[in-house]
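Each chain, written out:
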Amino acid sequence: MKHNKSSSGMNIRNNPLIQMKNVKLELGSKAGKVDILKGISLGIYSDTSVAITGPSGAGKSTLMMVIGGLETVTSGSIIIGDENFSLMNEDALAKFRRDNIGIVFQAFRLIPTMTALENISIPLELSNDPNSNEKAKHALDLVGLSKRMSHYPDQLSGGEQQRVAIARAFITNPTVLLADEPTGNLDQETGTKIIDLLFNLQSCHKTTLILVTHDRSLAERCDRIIDIADGQIQSDNNRLV
Ligand SMILES: Nc1ncnc2c1ncn2[C@@H]1O[C@H](COP(=O)(O)OP(=O)(O)OP(=O)(O)O)[C@@H](O)[C@H]1O
Ligand SMILES: [Mg+2]
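A short tour of the structure in this document, coming up. Just so we're clear, the structure is a prediction, and the values are computed from it rather than from any experiment.

Here we take up the side chain of Arg-168. Among the structural elements, Arg-168 can be located in helix α5 (residues 158–170). Glu-118 is the oppositely charged side chain nearest to the buried, salt-bridge-free Arg-168, at an N-O distance of 11 Å. From its side chain, Arg-168 meets the backbone oxygen of Phe-108 in a polar contact 2.8 Å long. Leave out the neighbours within four places in its chain, and Arg-168 touches Phe-105, Phe-108, Arg-109, Leu-110, Ile-111, Asn-119, Ile-120 and Pro-123.

Glancing now at helix α4 (residues 132–142). The complete set of buried residues in α4 reads Ser-132, Ala-136, Ala-139 and Leu-140. Down the axis of α4, the smallest arc covering the buried residues is 100°, so these residues share one side. Of the surrounding secondary structure, the elements contacted by the buried residues of α4 are α3 (116–126) and α5.

Strand pairing in a sheet relies on backbone hydrogen bonds, with the paired strands running either antiparallel or parallel. The four strands are arranged β2-β1-β4-β5 in an open sheet whose pairing can be described as antiparallel. Each edge of the open sheet carries a strand with a single partner, namely β2 (32–44) and β5 (83–84). Relative to β5, strand β4 (residues 75–80) runs antiparallel, the two being bridged by two bridges. Looking at the pairing, Ile-79 lines up with Asn-84 of β5. Across the sheet, helix α1 (residues 60–67) is in contact with β1 (18–29), β2 and β4; its angle to β1 comes to roughly 120°.

Read across the sheet, six strands follow the order β6-β7-β8-β3-β9-β10 without closing on themselves; strand pairing throughout is mixed. Two strands bound the open sheet, and with one partner strand each, they are β6 (101–104) and β10 (232–236). Pairwise comparison of adjacent strand axes, ignoring direction, gives a mean angle of 20° for this sheet. Running over the sheet, helix α2 (residues 90–100) touches β6 and β7 (176–180) and is turned about 80° from β6.

Relative to the helices and strands, Lys-60 resides in helix α1. No salt bridge is formed by the buried Lys-60; the nearest opposite charge belongs to Glu-181, separated by 4.9 Å. One polar contact links the side chain of Lys-60 to the main-chain carbonyl oxygen of Pro-55, over a distance of 2.9 Å. Excluding anything up to four places from it in sequence, Lys-60 contacts Ile-52, Thr-53, Gly-54, Pro-55, Glu-181, Val-212, His-214 and Ile-228.

We now examine the site of ligand 1. Taken together, 15 residues surround ligand 1, and among them Ser-56, Gly-57, Lys-60, Ser-61 and Thr-62 come closest. Taking His-214, its side chain carries an N or O atom lying 3.5 Å from an oxygen atom of ligand 1. Contact with the protein chains removes 62% of the 640 Å² of surface that ligand 1 exposes when unbound. If you list the elements that add at least two residues to the shell around ligand 1, you get β1 and α1. A breakdown of the residues in the shell around ligand 1 according to their chemical character gives four nonpolar, nine polar and two charged.

Moving on: the coordination of the magnesium ion (ligand 2). Donor atoms from the polypeptide that coordinate the magnesium ion (ligand 2) comprise Ser-61 (OG) and Gln-106 (OE1), at 2.0 to 2.2 Å from the metal. Placement of the pair is Ser-61 in helix α1 and Gln-106 in the loop between β6 and α3, with a sequence separation of 45 residues. Using a relative accessible area of 41% as the deciding quantity, one classes Gln-106 as partly exposed.

Time to look at the nonpolar core. Among the nonpolar cores identified, the biggest contains 36 residues, and Ile-120, Leu-140, Val-143, Val-164, Phe-170, Leu-198 and Leu-211 are the most heavily contacted of them. Secondary-structure elements contributing two or more residues to this core are α3, α4, α5, β7, α6 (188–205), β8 (208–212) and α7 (216–220). Ignoring anything within four residues of it in the chain, the contact list for Leu-198 reads Ile-166, Phe-170, Leu-177, Pro-182 and Leu-209. Membership of the second largest hydrophobic core comes to 33 residues, among which are Leu-25, Phe-85, Met-88 and Val-176.

Each value, and the rule that gives it
- Residues numbered from 1 in each chain as written.
- Chains lettered and ligands numbered in written order.
- Predicted model: local features only at pLDDT ≥ 70, side-chain atom pairs only at ≥ 80, totals over all residues.
- Heavy atoms only, no water.
- Helix = DSSP H or I, 4+ residues; strand = E, 2+ residues; numbered from the N terminus.
- Buried < 20%, exposed > 50% of the residue type's maximum accessible area, 1.4 Å probe, protein only.
- Lys, Arg positive; Asp, Glu negative; His and termini not counted.
- Salt bridge = Lys/Arg side-chain N within 4 Å of Asp/Glu carboxyl O.
- Polar contact = N/O pair within 3.5 Å; in protein donor to acceptor, adjacent residues only side chain to side chain.
- Contact = heavy atoms within 4.5 Å.
- Arc of directions from axis to C-beta.
- Pairing = 2+ DSSP bridges.
- Axes fitted to C-alpha atoms, helices over the stretch in contact; angles between N-to-C directions.
- Near = heavy atom within 4 Å.
- Areas by Shrake-Rupley, 256 points an atom, 1.4 Å probe, with all protein chains shown as cover.
- Nonpolar A, V, L, I, M, F, W, Y, C, P; charged D, E, K, R; others polar.
- Donors = N, O, S within 2.8 Å, 3.2 Å for Na, K, Ca; no water.
- Core = buried A, V, L, I, M, F, W, Y, C linked by side-chain atoms within 4.5 Å.

Shown next, in the form of structure tokens:
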């Protein structure tokens, strides 16, 4: 079930939609254990936009994976709406993700054997939407790729793949849209168009938009900027709280 989005805009101060408490993530590598997230606590309200910034290796993508329920934390808690990730089994988490979360991965993660249109349709088909084809065509049009509908990912440029990944993430009107460097592969003009589109969708659907970016001007367009360094929050302008 979709989490109810606030209809009263961002001045209402109920509980934050996303609540992270002292989240730590430790991963093993050949060189031994690495502390990647070192105790992140933050609350993010619905219907707001948040930029995550910080140097390479800071833990930004990992933080997105954790909020998206794709990485299990070592300790601490993540609650989105009424759902506590640590109390959910894999099936429940997968269903929650499908119904509430859209993710644009840094490396796109398109399915190579599916065309652009098929890639975009996947989330709708998983939820048995009878209009998946029409909606996918519309989404492809919104990102300026209607002429690339039948192309496979390896027949698309990096920026085109990125736009397919973005369309796939917003097509279900998710409660939370996570976008990891969504303009990283786009020229200035296309990047601006895509970002305008994301902010438009954010305000139309009262989505909570969280994006990782190295682009200061893009970060400044968000309601809030959280800077991460070495797995910890370095600064948080927390403008809306
Ligand atoms: N599976 C893993 N095992 C061990 N270490 C990992 C693993 N995945 C990521 N890391 C380490 O975690 C740290 C954070 O990685 P992450 O991808 O979150 O950084 P980032 O802030 O997104 O960087 P970038 O701006 O380069 O995308 C890095 O030092 C990385 O090497
Ligand atoms: Mg990253």
